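# What the coordinates show
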Amino acid sequence: MSHTEHDTDSAPPPGDDTAFFGQPRGLLTLSGLEVWERFSFLGMQAILVLYFADTVAHGGMGMDPGNAASVSAAYGTLVYLVSVAGGWLADRILGSYRAVLWGGILIACGHYSMAVPTPTMTWVGLGLISAGTGLLKPNVASMVGKLYRTADERRDAGFALYYMGINIGAFAGPLITGWLGDHKGWHWGFSAAAIGMTFGLIQYVAGRRHLAGRTDAAEYALPPEGMRRAVRLMIVGAVVVAAVAVALALAGWLTMGRFVDLLTYISVIAPVVYFVVMFKSPRVTAEERGRLKPYLVLFIASVAFNFILFQAYSTMILLASTNAETTILGFDFPAGWYASALGAFEVALAPVVAAVWARMGPRQPHASNKIAFGVVLGGLSFLLMVLPTSGHSDDTYKMAVWWIVGSYLLLGLGDILVETSGMSATTKLAPQAFASQTMALWFLSLALANGIQAQVVKLYGEVSNPAYFGVNGAIAVAVGIGVIALAPWLRRTMHPVH
């Protein structure tokens with residue numbers, strides 16, 4: 001096939017360019033996929049910790065609350081660690097389209113596995129979902145970028161629509177899975193997540209002709225011999241790791257607690273190694289190395305914020321299930337529905353924040369301050385919970401709905417500030433030699449946040465709720481204030497980030 005034929009075959013149809021609200025029609029395909037992927041992923045997460053903590057007699061796993069939150073966080077750690085490898089696999093072996101397709105298939109298979117009411121299938125399902133999300137998540141956004149030419153002014157608006165799709169899924173997922181989990185059983189909720197991901201896959205394949213580069217091989221494909229060697233090593237490595245894990249589990253050494261600890265160690269070591277490699281690489285110029293120093297500060301800020309954010313689906317859901325009202329105007333709702341508030345606030349507030357920045361123009365805060373404000377808001381969302389959890393003689397109290405909702409409002413606004421500015425800063429500050437791996441840097445901050453969370457949440461239920469939420473919230477606020485204090489230095493060293 002000639003180069004011209006190849007390009008024609010992989011390009012979207014000519015009429016697609018403005019077919020979706022003035023955007024390429026492929027954006028509808030990719031946004032639709034993300035709606036259903038987030039529907040399934042966050043819908044499942046909204047009930048996962050409740051399933052772990054529920055009694056065996058009631059269809060749960062019988063874990064104590066702290067361990068339930070820890071295992072749930074460890075799952076998140078695994079997802080984001082695998083995402084680092086997912087970007088490399090797409091770049092070097094599979095190509096973005098196939099990586100997303102196979103990732104979606106693995107996710108769907110994982111959710112269907114979790115629909116089977118046995119503990120073994122739960123763990124199998126979580127493993128498949130981790131692998132699938134690792135393939136899908138880092139590559140969908142890159143496919144959105146391929147829909148636009150470099151100078152296309154619609155790019156930012158296109159990504160805004162794409163992220164709105166993410167938050168629509170984040171809002172809708174917990175509503176469906178939460179109701180099914182509460183009224184029909186946890187595995188019915190997992191079944192809904194499976195069906196949602198299946199819908200996403202169907203519309204992704206049906207809309208494939210609208211995607212740029214859908215028939216392309218990997219963008220930076222390994223040479224044939226190198227690819228065969230890489231595939232052999234991955235297969236052998238997977239078999240060896242599985243065999244060792246089974247042997248250690250049968251010997252009684254590899255317990256769930258130790259596996260959680262191992263993931264935390266990896267989540268700490270991986271970013272340290274990554275930064276050391278970048279700082280010492282001869283391919284990184286002195287100017288780029290100077291920009292890595294401020295990025296390290298933003299990396300720490302991302303970890304501090306996401307440590308709080310991810311607990312919206314663990315300790316906050318546990319607190320809501322035991323100590324928050326689940327009735328509004330006489331209508332009873334499941335505790336898992338609280339998680340939908342986060343997605344709802346982000347859908348509602350994202351356009352408002354964008355409009356404020358557009359109105360302020362050059363007077364808007366520096367990117368580092370936006371991130372810092374977001375971290376402070378995350379900390380305040382936890383500090384807010386000190387008020388309704390204090391002054392009770394026992395744990396039978398019930399707080400008003402608006403305490404949890406108010407906490408999620410602060411957290412949602414903080415997430416908008418941190419994620420949008422943080423992702424943008426990551427792409428601009430990463431050294432050119434590591435440009436294709438910028439998403440890996442961001443995912444490592446999310447993995448580390450989950451890894452730390454997996455250890456800290458073990459204290460939930462062991463210490464008082466005011467102490468737990470107060471100390472963790474105060475630490476996040478302190479980190480945010482620290483970033484604000486460093487603002488003059490960050491403004492000088494973060495060029496070209498404004």
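Preceding this section is the structure that the text describes.
Worth saying up front: this structure is predicted, and the values here are computed from it rather than measured. (Residues numbered from 1 in each chain as written. Predicted model: local features only at pLDDT ≥ 70, side-chain atom pairs only at ≥ 80, totals over all residues. Heavy atoms only, no water.)

## With respect to the overall build of the protein chain
Broken down by element type, the protein chain carries 18 helices and 2 strands. For 498 residues, the compact-globule formula gives about 23 Å, and the C-alpha radius of gyration of the protein chain, at 22 Å, lands near that figure. For the protein chain, the spread of C-alpha atoms along the three principal axes comes to 75 × 55 × 45 Å. Counting only residues that meet the buried cut, the protein chain has 51% of its 498 residues in that class. The long-range fraction of contacts in the protein chain, counting pairs at least 24 apart against all pairs at least 6 apart in sequence, stands at 81%. Taken as a whole, the protein chain presents about 21900 Å² of accessible surface, with 69% of it coming from carbon and sulfur. Between the mean site of the 30 positive side-chain charges and the mean site of the 28 negative ones, the protein chain shows a separation of 9 Å. (Helix = DSSP H or I, 4+ residues; strand = E, 2+ residues; numbered from the N terminus. Rg over C-alpha atoms; globule rule 2.2 N^0.38 Å. Buried < 20%, exposed > 50% of the residue type's maximum accessible area, 1.4 Å probe, protein only. Contact = heavy atoms within 4.5 Å. Areas by Shrake-Rupley, 256 points an atom, 1.4 Å probe, with all protein chains shown as cover. Lys, Arg positive; Asp, Glu negative; His and termini not counted. Charge placed at Lys NZ, Arg CZ, Asp CG, Glu CD.)

## Quick notes on the packing of aromatic side chains
The relation between two aromatic rings is expressed through the spacing of the ring centres and the mutual angle of the planes. Within the structure shown, the criterion is met by 19 aromatic pairs. With centroids separated by 5.9 Å and ring planes inclined at 25°, the aromatic side chains of Tyr 80 and Phe 443 adopt a geometry described as stacked. Taken together, the positions of Tyr 80 in helix α3 (residues 65-94) and Phe 443 in helix α16 (residues 438-456) put the pair 363 residues apart, joining distant regions of the chain. With respect to burial, Tyr 80 and Phe 443 carry one shared label: buried. Between Phe 331 and Trp 337, the ring centres sit 5.9 Å apart and the planes meet at 35°, which makes this aromatic pair tilted. Overall, Trp 337 belongs to the partly exposed group, its relative accessible area being 22%. (Phe/Tyr/Trp six-rings, centres within 6.5 Å; stacked < 30°, edge-to-face > 60°.)

## A look at the environment of Ala 90
Relative to the elements of secondary structure, Ala 90 occurs in helix α3. Ala 90 sits in the buried class, given a relative accessible area of 2%. Each C-alpha atom of the pair Ala 90 and Ala 221 lies 8.7 Å from the other, and the pair is 131 residues apart in sequence.

## Observations regarding the layout of surface pockets
The calculated volume of the second largest pocket comes to roughly 970 Å³. In terms of lining, the second largest pocket is formed by 31 residues, of which the most central are Leu 78, Leu 126, Gly 127, Leu 128 and Ser 130. Residues belonging to the lining of the second largest pocket are distributed by class as follows: 26 nonpolar, 5 polar and no charged. (1 Å grid on protein atoms, 1.4 Å probe; cavity = no way out; pocket = protein on both sides within 12 Å on 5 of 7 lines; lining within 4 Å. Points joined across faces, edges and corners; volume = space filled by probe spheres on them. Nonpolar A, V, L, I, M, F, W, Y, C, P; charged D, E, K, R; others polar.)

## Concerning the nonpolar core
Core analysis: the biggest nonpolar cluster contains 97 residues, and Met 44, Leu 48, Phe 52, Tyr 338, Ile 404 and Tyr 408 have the highest contact counts within it. Considering every element that reaches this core, the biggest residue donor is helix α10 (residues 286-309), with 12 residues. Setting aside residues no more than four positions away along its own chain, Met 44 makes contact with Phe 39, Tyr 75, His 111, Met 114, Leu 126, Ile 129, Thr 177, Phe 190 and Ala 193. (Core = buried A, V, L, I, M, F, W, Y, C linked by side-chain atoms within 4.5 Å.)

## Examining a nonpolar patch on the surface
Residues Trp 123, Met 256, Phe 259, Leu 262, Tyr 265, Ile 266, Val 268, Ile 269, Val 272, Val 273, Val 276 and Val 277 make up a contiguous nonpolar surface patch of about 1000 Å² in total accessible area. At 11 residues, helix α9 (residues 256-280) tops the list of elements feeding residues into the nonpolar patch. Relative to the elements of secondary structure, Val 268 occurs in helix α9. Among the residues examined, Val 268 registers a relative accessible area of 39% and is labelled partly exposed. (Patch = residues over 30% accessible without salt bridge, like charges linked within 9 Å, V, L, I, M, F, W, Y side chains within 5 Å. Salt bridge = Lys/Arg side-chain N within 4 Å of Asp/Glu carboxyl O.)

## Describing the pattern of salt bridges
For the coordinates displayed, the defined rule picks out 6 salt bridges. For Glu 34, the salt bridge identified is with Lys 137, shortest N-O distance 3.2 Å. Of this pair, Glu 34 sits in helix α2 (residues 25-53) while Lys 137 sits in helix α5 (residues 119-145); the two residues are 103 residues apart in sequence, bridging distant segments of the chain. Here Glu 34 matches Lys 137 in class, with each residue buried. With a shortest N-O distance of 3.3 Å, Arg 291 and Glu 287 are connected by a salt bridge. Taken as a pair, Arg 291 and Glu 287 lie in helix α10 at a separation of 4 residues, close to a single helical turn. Owing to a relative accessible area of 13%, Arg 291 belongs among the buried residues under this scheme. Look at Glu 287 and you get exposed, because its relative accessible area is 55%. Put simply, Glu 225, Arg 228 and Arg 232 are held in one network by salt bridges that share partners.

## Brief notes about the environment of Leu 180
Considering the arrangement of structural elements, one finds Leu 180 in helix α6 (residues 155-183). Residue classification places Leu 180 among the buried positions, given a relative accessible area of 17%. Apart from the residues lying within four places of it in its own chain, the contact partners of Leu 180 are Gly 185, Trp 188, Gly 189 and Ala 192.

## Digging into the packing of α2 against α5
Between α2 and α5, the shortest axis-to-axis distance is 11 Å and the interhelical angle comes to 150°. By the criterion of interaxial angle, the relationship of α2 to α5 is roughly antiparallel. In this structure, α2 crosses over α5, and the sense of that crossing is left-handed. Here Leu 27, Leu 30, Leu 33, Glu 34, Glu 37, Arg 38, Phe 41, Met 44, Leu 48, Tyr 51 and Phe 52 of α2 come into contact with α5, specifically with Thr 122, Trp 123, Leu 126, Ile 129, Thr 133, Leu 136, Lys 137, Val 140, Met 143 and Val 144. The residue inventory of the contact of α2 with α5, partitioned by class, reads 15 nonpolar, 2 polar and 4 charged. (Axes fitted to C-alpha atoms, helices over the stretch in contact; angles between N-to-C directions. Parallel < 35°, antiparallel > 145°, perpendicular 65-115°, else oblique. Left-handed = near helix turned anticlockwise from the far one by under 90°.)

## Things to note about the packing of helix α4 (residues 96-114) against α5
Relative to each other, α4 and α5 sit at 155°, their axes nearing to 7 Å. The angle between the axes of α4 and α5 places the two elements in the roughly antiparallel class. Regarding α4 and α5, the two cross each other, and that crossing is left-handed. By residue class, the composition of the contact of α4 with α5 is 18 nonpolar, 12 polar and no charged.

## Overview of the environment of Gly 196
Topologically, Gly 196 is positioned in helix α7 (residues 186-206). With a relative accessible area of 1%, Gly 196 lands in the buried category. Considering only alpha carbons, one finds Gly 196 and Leu 309, 113 residues apart in sequence, at a separation of 24 Å. The residues touching Gly 196, leaving out its near neighbours within four places in the chain, are Trp 36 and Phe 39.

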